[in-house]
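Chain residues, written in single-letter form:
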Amino acid sequence: DWSQAVKKNWDRDDWDGLNLKVIILGSSRLLLQKGLSESLTGRFFLHYVGQWSYEEMHAAFNLSPEQYVWFGGYPRAIQFIKEESLFKDYVRDAIVEPSISRDILMLTQVNKPALLRQLFELGSAYSGQILSYNKILGQLQEAGNSSTLAIYAELLRQESLVAGLEEYSNKVIKTKASSPKFQVFDPALLSSLRLLTFEQAQADFAYWGRVVESAVGARLLNLVGKNSLGRLFYWRKADLEVDFVVQLAEQTLAIEVKSRLSDPAPENLAAFRKHFPDAKTLLIGDSGLRWQDFLRVEDLGELF
């Protein structure tokens, strides 16, 4: 009943003319939001505090951009990066499991906990890829339906674990009916589920490109979370796909991630501009904005 106590004292301070500013924070985002919506209506602003950015991790631990896109922005986990097995165990056992078992399962009605966990693992492993819910059901052991998966995906998004990005369209119905593109909120959620080490991941050029793209998406998710006017999508037309589409108020920005010079020139951005002439485009890669420099972006407006 913490929210009732805050409300009581807030109203008393207002009556007494006491200009006291209160900052409320907690490790459980769902619990915090539940109390805010139930009893503190009209009395608060919500400030999003996501995982640590590259700039913060570099300042605190001298992480390189390459290390950040693999080990992520959980500061407590960095002490284990020299022993990757411990790092992966810590992320799974001390970050992911409490978020699911304590924050989600104890605060919401989840009839199929095993299905929720499998969806998290699959969504993290396929971060940066589009998967229909029907295709996902074919890969999961626990029975369920697409509606249940959509509900569980929203719970994972609220807990800042994995988001299911919608397809960008000027038709709301098409957007809502689209297959999700899964995206982790932090790079460590992807790497902790892989048997590869940091060095092995870098040596696999194709897979490293996926790691970089997923890290770019994670950064975009956190930038969008801090700006109430921002939203993040993907776009696909036939065999053409744009990695990310950022909408900021009335502005639209299509982003393609190419981590290597050998990658072909992106026809996707040109195709997107044909469908949405007013949109801006951004190429993140060696022939555009370097992904290492993109990680330093601190505000969504800097991209426009």
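Residues numbered from 1 in each chain as written. Predicted model: local features only at pLDDT ≥ 70, side-chain atom pairs only at ≥ 80, totals over all residues. Heavy atoms only, no water.

Trainee: Sorry, what's going on with the overall build of the protein chain here?
Mentor: Regarding its fold elements, the protein chain presents 14 helices and six strands. Its C-alpha atoms give the protein chain a radius of gyration of 20 Å, near enough to 19 Å, the size a compact globule of 304 residues would have. Looking at the protein chain alone, contacts between residues at least 24 apart form 62% of all its contacts between residues at least 6 apart. Counting only carbon and sulfur atoms, one obtains 51% of the accessible surface of the protein chain, whose full area is about 16100 Å². Charge-centre separation for the protein chain: the mean point of 34 positive side chains lies 4 Å from the mean point of 38 negative side chains. (Helix = DSSP H or I, 4+ residues; strand = E, 2+ residues; numbered from the N terminus. Rg over C-alpha atoms; globule rule 2.2 N^0.38 Å. Contact = heavy atoms within 4.5 Å. Areas by Shrake-Rupley, 256 points an atom, 1.4 Å probe, with all protein chains shown as cover. Lys, Arg positive; Asp, Glu negative; His and termini not counted. Charge placed at Lys NZ, Arg CZ, Asp CG, Glu CD.)

Trainee: In this structure, what is going on with empty space enclosed by the protein? I would like to understand it.
Mentor: Where empty space is left can be seen by rolling a probe of water-molecule size over the atoms. Applying the stated criterion across every chain yields a total of one cavity of 30 Å³ or more. Forming the walls of the largest cavity are Q51, W52, S53, Y68, F185, D186, P187, A215, A218, R219 and N222. By residue number, the principal contributor to the lining of the largest cavity is helix α12 (residues 205-225), which donates four residues. Considered class by class, the residues forming the lining of the largest cavity number six nonpolar, three polar and two charged. (1 Å grid on protein atoms, 1.4 Å probe; cavity = no way out; pocket = protein on both sides within 12 Å on 5 of 7 lines; lining within 4 Å. Points joined across faces, edges and corners; volume = space filled by probe spheres on them. Nonpolar A, V, L, I, M, F, W, Y, C, P; charged D, E, K, R; others polar.)

Trainee: Is there a simple way to think about the packing of aromatic side chains in this case?
Mentor: Two numbers describe a pair of aromatic rings. These are the distance of the centres and the angle of the planes. Scanning the entire structure with this criterion turns up twelve aromatic pairs. When the ring of F272 is compared with that of F276, the centres are 4.8 Å apart and the planes differ by 40°; the resulting orientation is tilted. Among the residues examined, F272 registers a relative accessible area of 0% and is labelled buried. Look at F276 and you get buried, because its relative accessible area is 14%. An aromatic cluster of three or more residues is present, and its members are Y168, F233, W235, F272 and F276. Between the NZ or CZ atom of K181 and the centre of the ring of F244, over which it lies, the distance is 4.7 Å. (Phe/Tyr/Trp six-rings, centres within 6.5 Å; stacked < 30°, edge-to-face > 60°. Buried < 20%, exposed > 50% of the residue type's maximum accessible area, 1.4 Å probe, protein only. Lys NZ or Arg CZ within 6 Å of the ring centre and 35° of its normal.)

Trainee: Looking at this structure, how should I read the pattern of salt bridges?
Mentor: Where charged atoms from two side chains of opposite charge come close, those side chains can pair. Evaluated as defined, the whole model comprises 14 salt bridges. Of the charged contacts in the structure, one is a salt bridge between R296 and E55, with a shortest N-O distance of 3.5 Å. On the criterion of sequence distance, the pair formed by R296 in the segment after α14 (291-294) and E55 in helix α3 (residues 54-61) is long-range, its members being 241 residues apart. With a relative accessible area of 36%, R296 lands in the partly exposed category. Judged by its relative accessible area of 31%, E55 falls in the partly exposed class. Counted as one network, the salt bridges with shared partners bring together E55, R290, D293 and R296. (Salt bridge = Lys/Arg side-chain N within 4 Å of Asp/Glu carboxyl O.)

Trainee: Would you explain the nonpolar core in this entry?
Mentor: Inside soluble globular proteins, nonpolar side chains tend to come together where they are buried. Counting residues in hydrophobic clusters, the biggest one holds 73 residues, and the most contacted among them are I136, L220, I255 and L303. When residues of this core are assigned to their parent elements, the largest contribution, ten residues, is made by α12. Ranked by size, the runner-up nonpolar core spans twelve residues in total, among them W235, F272, F276 and L283. (Core = buried A, V, L, I, M, F, W, Y, C linked by side-chain atoms within 4.5 Å.)

Trainee: How should the side chain of S191 be read in this particular structure?
Mentor: With respect to the helices, strands and loops of the structure, S191 is situated in helix α10 (residues 187-191). In this structure S191 comes out as buried when scored by relative accessible area, which is 1%. At 2.6 Å, the side chain of S191 forms a polar contact with the backbone oxygen of W70. Other than its neighbours up to four places away in sequence, S191 contacts W70, F87 and K88. (Polar contact = N/O pair within 3.5 Å; in protein donor to acceptor, adjacent residues only side chain to side chain.)

Trainee: Explanation requested: the pairing of strand β5 (residues 251-258) in the structure shown.
Mentor: Every other side chain in a regular strand lies on the same face of the sheet, so the side chains alternate between the two faces. Within β5, six of the eight residues are buried, which leaves the element mostly enclosed by the surrounding structure. In this structure, strand β4 (residues 240-248) lies alongside β5, joined through five bridges in antiparallel fashion. Across the sheet, Q247 pairs through a bridge with T252, a residue of β5. If you look at the hairpin formed by β4 and β5, you'll find two residues sitting between the two strands, and A249 has a positive phi there, around 60°. Examined bridge by bridge, β5 and strand β6 (residues 280-285) share six bridges and lie parallel to one another. Bridge pairing in β6 links A254 to T281. (Pairing = 2+ DSSP bridges.)

Trainee: How should I be thinking about a nonpolar patch on the surface in this particular structure?
Mentor: On the surface, W10, L18, L20, V22 and I24 cluster together to form a nonpolar patch covering roughly 440 Å² of accessible area. Its place among the elements puts L20 in the loop between α1 (2-16) and α2 (29-39). (Patch = residues over 30% accessible without salt bridge, like charges linked within 9 Å, V, L, I, M, F, W, Y side chains within 5 Å.)

Trainee: Please explain the packing of helix α6 (residues 113-125) against helix α8 (residues 146-158) as it appears in this structure.
Mentor: For any two helices packed against each other, the geometry is given by the interaxial angle and the distance between the axes. The N-to-C vectors of α6 and α8 enclose an angle of 65°; their axes lie 10 Å apart at closest approach. One way to sum up the angle between α6 and α8 is to call them roughly perpendicular. Read as a crossing pair, α6 and α8 show a hand that is right-handed. Seen from α6, the contacting residues are L115, L116, L119 and F120; seen from α8, they are T148, L149, Y152, A153 and L156. For the contact of α6 with α8, a count of residues per class yields eight nonpolar, one polar and no charged. (Axes fitted to C-alpha atoms, helices over the stretch in contact; angles between N-to-C directions. Parallel < 35°, antiparallel > 145°, perpendicular 65-115°, else oblique. Left-handed = near helix turned anticlockwise from the far one by under 90°.)

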